[in-house]
Each structure stands twice: as structure tokens, then as C-alpha cells.
Amino acid sequence: MYTLEELKAYVDHCQRCQLYKTRTNPVFGQGDPHADIMFIGEGPGYHEDLQGEVFVGASGQLLTKALEGVGLSRDAVYIANIIKCRAPNNRDPKPDEMETCIEFLRWQVKLIHPKIIVCLGRVAAMNVIDKNIRITRERGNWQNKNGFWMMATYHPSAVLRDPAKKRPFWEDFKSIAAKHEELCQINKGACSDE
């Protein structure tokens, strides 16, 4: 069994797909290693690739604001991506790239063992929740899968591009906070600190 640190060390030197050739830095993931809530995005963007940190650009700022808006701290959640290296020109990751890299995400989920998994955007939702998911129609819906409560919402970058998505995105974050509170009460307060 890996630790998160061992897994990160492996990802830092990974050459399992062609994306290592064009990356500046792999982006493993960040946050509380015992988080109740895990957010999963598609992959690193320009700023993430430069800094080697997850969700640090405009999308990351919106994600942080949304968390704070519902009383959650970014330090109390864990944030990762389907792929760990930026795809050139921010294109969608190719199926073989996702298939190769998702093993690392599975290990992250196994090691962190969150109560809630939130997929940010279509690519994450299709890889984690259901390959046939329709994000516009099915976002905000909870399902229990393999012992995890899962929901898909819009990717913050989609919200930045389309102001009409702001309200549903905000409603989803209120639902995430409510689900977390519900699970904490069911487990008699056995939740990580905000």
C-alpha cells in the first residue's frame, strides 16, 4: 500500500503517457489527506502546470470562493484531477491518457477515503460517476456509488465562461455543504474539521 507521499513521488517522475514530454510540472493534488470531501477536475491548466499546484488560476479562485461561501475551507478538502499533466493547448485529455493516469486518482481516493466526491465538469464526471452522464441535465444529483456520495457540477472554468451557470454552481455548493453536515450528524460529528 502506497502513502500519498510515495504516490506523489512516483507521479513527479512519471513517463507512462506522452504528456510528460510537454508538461512543465506534474500536478498531483492538494489538501487535507483525511478530507471528508474530495473534488476531482479534468487536468491541470496553464497556471497549474507552471506552479505544479492544483486549481491556482482563475478557476481555482472561483472554487475557493465557492467553498468559503458555504463555510468550507480549501485546506479541509482534497482537490485532484483525472490527469496529472497538462494536455497541450488545454485540449480534452485523450482516452489513453486518462486510462493511464486514472490509476493514480484511484489510489488517492483509496488513501484519502472521503465521504463525498464532487466531480468538476463533464470529463471528471464521465470518468468517475458514469461514462454517459450529461452534466447540464444531471449536475447537482447525488448518488451513492461504492460507498461514496457523488455529485457532478460545472467546472469552475465553464462558470467563468458562462454566467448562466453561476446560480446552479452556487446551489450545488450549498448542497455539498448540506450533505457534509448531514453525514457528520449521522456519524455523530466524526468529520474532519473545517
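Here is a short report on the structure shown in this document. All values derive from a computational prediction rather than experimental measurement.

Definitions and cut-offs
- Residues numbered from 1 in each chain as written.
- Predicted model: local features only at pLDDT ≥ 70, side-chain atom pairs only at ≥ 80, totals over all residues.
- Heavy atoms only, no water.
- Helix = DSSP H or I, 4+ residues; strand = E, 2+ residues; numbered from the N terminus.
- Rg over C-alpha atoms; globule rule 2.2 N^0.38 Å.
- Contact = heavy atoms within 4.5 Å.
- Areas by Shrake-Rupley, 256 points an atom, 1.4 Å probe, with all protein chains shown as cover.
- Lys, Arg positive; Asp, Glu negative; His and termini not counted.
- Charge placed at Lys NZ, Arg CZ, Asp CG, Glu CD.
- Salt bridge = Lys/Arg side-chain N within 4 Å of Asp/Glu carboxyl O.
- Buried < 20%, exposed > 50% of the residue type's maximum accessible area, 1.4 Å probe, protein only.
- Axes fitted to C-alpha atoms, helices over the stretch in contact; angles between N-to-C directions.
- Parallel < 35°, antiparallel > 145°, perpendicular 65-115°, else oblique.
- Left-handed = near helix turned anticlockwise from the far one by under 90°.
- Nonpolar A, V, L, I, M, F, W, Y, C, P; charged D, E, K, R; others polar.
- Core = buried A, V, L, I, M, F, W, Y, C linked by side-chain atoms within 4.5 Å.
- 1 Å grid on protein atoms, 1.4 Å probe; cavity = no way out; pocket = protein on both sides within 12 Å on 5 of 7 lines; lining within 4 Å.
- Points joined across faces, edges and corners; volume = space filled by probe spheres on them.

With respect to the overall build of the protein chain
Then step 1. Along its length, the protein chain carries eight helices and six strands.
Then step 2. Overall, the protein chain shows an N-to-C arrangement of helices and strands of α-β-β-α-α-β-α-β-α-α-β-β-α-α.
Then step 3. The C-alpha atoms of the protein chain give 16 Å as radius of gyration, which agrees with the globular expectation for 194 residues (16 Å, within 12%).
Then step 4. Taken along the three principal axes of its C-alpha coordinates, the protein chain extends 45 × 40 × 30 Å.
Then step 5. Contacts in the protein chain between residues far apart in sequence, at least 24 positions, make up 72% of those at least 6 positions apart.
Then step 6. Only carbon and sulfur atoms are counted for the fraction: they give 48% of the accessible area of the protein chain, which is about 9900 Å².
Then step 7. Mean positive and mean negative side-chain charge positions of the protein chain (26 and 25 charges, respectively) differ by 6 Å.

Here we look at the pattern of salt bridges
Then step 1. Within this structure, the stated rule accounts for ten salt bridges.
Then step 2. Two residues, R16 and E103, come together in a salt bridge whose shortest N-O distance is 3.0 Å. Here R16, found in the loop between α1 (4-12) and β1 (30-31), pairs with E103, found in helix α4 (residues 95-112); they are 87 residues apart in sequence, far enough to count as distant.
Then step 3. Overall, R16 belongs to the partly exposed group, its relative accessible area being 36%.
Then step 4. E103 gets classed as partly exposed once you look at its relative accessible area, which sits at 36%.
Then step 5. D172 is the salt-bridge partner of R139, the closest N and O atoms lying 2.6 Å from each other. Of this pair, R139 sits in the loop between α6 (135-138) and β5 (143-145) while D172 sits in helix α8 (residues 166-186); the two residues are 33 residues apart in sequence, bridging distant segments of the chain. When sorted by exposure, R139 lands in the same class as D172, which is buried.

Focus: the packing of helix α3 (residues 58-69) against α8
Then step 1. Between α3 and α8, whose axes approach to 9 Å, the crossing angle comes to 50 degrees. When the axis of α3 is compared with that of α8, the two are oblique. Crossing of α3 over α8 shows right-handed handedness. Two secondary-structure elements touch here, α3 through L62, L63, A66, L67 and G69 and α8 through F169, W170 and F173.
Then step 2. When grouped by side-chain class, the residues that make up the contact of α3 with α8 number seven nonpolar, one polar and no charged.

Observations regarding the nonpolar core
Then step 1. Judged by nonpolar contacts, the single largest core of 60 residues is most densely connected at F39, I82, V128 and F173.
Then step 2. For this core, the leading source of residues is α4, giving eight residues.
Then step 3. Excluding anything up to four places from it in sequence, I82 contacts I40, G41, E42, M98, C101, I102, L105, A124, N127 and V128.

With respect to unusual backbone geometry
Excluding glycine, residues mostly carry a negative phi; peptide bonds, for their part, are mostly trans.
Then step 1. For N90, which is not glycine, the phi torsion reads 60 degrees and is therefore positive.
Then step 2. Classification of N90 by relative accessible area gives partly exposed; the value is 45%.
Then step 3. Positive phi, close to 55 degrees, is recorded for N146, a residue that is not glycine.
Then step 4. Among the structural elements, N146 can be located in the loop between β5 and β6 (148-153).

Some points on the environment of L120
Then step 1. Of note, L120 is situated in strand β4 (residues 116-120).
Then step 2. Since its relative accessible area comes to 1%, L120 is described here as buried.
Then step 3. Put simply, L120 and Q185 are 65 residues apart on the chain and 26 Å apart in space, counted from C-alpha to C-alpha.
Then step 4. Once residues lying within four places of it in the same chain are set aside, the contact partners of L120 are F39, I40, G41, E42, F55, L63, T153, Y154, H155 and P156.

Focus: the layout of surface pockets
Then step 1. What the largest pocket holds in volume is close to 580 Å³.
Then step 2. Surrounding the largest pocket, 30 residues form its lining, E42, G43, H155, S157 and R161 being those nearest its centre.
Then step 3. Taken together, the elements giving at least two residues each to the lining of the largest pocket come down to α2 (46-51), α3, α5 (122-128) and α7 (156-161).
Then step 4. Its residues assigned to classes, the lining of the largest pocket comprises 13 nonpolar, ten polar and seven charged.

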